[in-house]
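Residue-level structural notes
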Amino acid sequence: MLLIQPLPIPCPAGLVPDATSLDAFNAAYRAAKGQRVVFVAIERLGPRWTVKADALTAPQRTLDTTMHDAVREAVSYLIDSRQIRPDSFADPVYVVLYDVDGEPRARERAAAVHAAFYGDLEPLARAAPPTS
């Protein structure tokens, strides 16, 4: 059984779990649920990475309208600039970014999305500058 360290809130890029294997994913999800924090992780799929954040592990922690709009705008920017796949999305509970180029960039974006779930948009503005 994999042991996952408690996640800081928000989680810095260097501590975002790599959940590439099923065991790693399950351990990270279980840990987030046990801590009642937003799940965040990256997964390697070939040469590209996927970013996932899920608030089902954190009761009462969803993106409010302002945060959700900002995350959706960032996802749209990343799709429009072809930095992630068009089927990436953000809803108030779950965010997924497909085909991120490189682990450092995936970690940065995962940390930015995680911070948004906790009310901090600054990392998101750095990872995906607003268009307006």
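Refer to the structure above for everything that follows.
Let us look at the structure shown here.

Conventions we followed
- Residues numbered from 1 in each chain as written.
- Predicted model: local features only at pLDDT ≥ 70, side-chain atom pairs only at ≥ 80, totals over all residues.
- Heavy atoms only, no water.
- Pairing = 2+ DSSP bridges.
- Helix = DSSP H or I, 4+ residues; strand = E, 2+ residues; numbered from the N terminus.
- Buried < 20%, exposed > 50% of the residue type's maximum accessible area, 1.4 Å probe, protein only.
- Contact = heavy atoms within 4.5 Å.
- Axes fitted to C-alpha atoms, helices over the stretch in contact; angles between N-to-C directions.
- Phe/Tyr/Trp six-rings, centres within 6.5 Å; stacked < 30°, edge-to-face > 60°.

Bridge count between strand β2 (residues 48–54) and strand β4 (residues 94–101): six bridges; the pairing is antiparallel. Within β4, the residue paired with Lys-52 across the bridge is Val-96. Linkage of strand β3 (residues 89–90) to β4, two consecutive antiparallel strands, is achieved through a turn of three residues.

So, on to the side chain of Thr-50. Relative to the assigned elements, Thr-50 resides in strand β2. Judged by relative accessible area, which is 2%, Thr-50 ranks as buried. Once residues lying within four places of it in the same chain are set aside, the contact partners of Thr-50 are Ala-41, Ile-42, Glu-43, Leu-45, Val-96, Leu-97, Tyr-98 and Asp-99.

This brings us to the sheet that holds β3. The sheet built from four strands is open, its strands ordered β1-β2-β4-β3 with antiparallel pairing. The open sheet is flanked by β1 (39–45) and β3, the only strands paired with a single partner. Across the sheet, helix α1 (residues 22–35) is in contact with β1 and β2; its angle to β1 comes to roughly 170 degrees.

Let us now look at the pairing of β2. For β2, the tally of buried residues reaches six of seven residues, placing the bulk of the element in the interior. In this sheet, β2 lies alongside β1 in antiparallel orientation, the contact comprising seven bridges. Bridge assignment links Leu-45 to a residue of β2, and that residue is Arg-48. The turn joining β1 and β2, which pair antiparallel and follow one another in sequence, is formed by two residues; a positive phi near 65 degrees is taken by Gly-46.

It is worth spelling out the packing of aromatic side chains at this point. Inspection of the entire model under this criterion finds four aromatic pairs. Each ring, one from Phe-25 and one from Phe-39, has its centre 5.3 Å from the other, and the planes form 70 degrees; the classification is edge-to-face. Of the two residues, Phe-25 is situated in helix α1 and Phe-39 in strand β1; the sequence distance between them amounts to 14 residues. The class for Phe-25 is partly exposed, based on a relative accessible area of 22%. With a centroid separation of 5.7 Å and an interplanar angle of 45 degrees, the aromatic rings of Phe-89 and Tyr-94 are classed as tilted.

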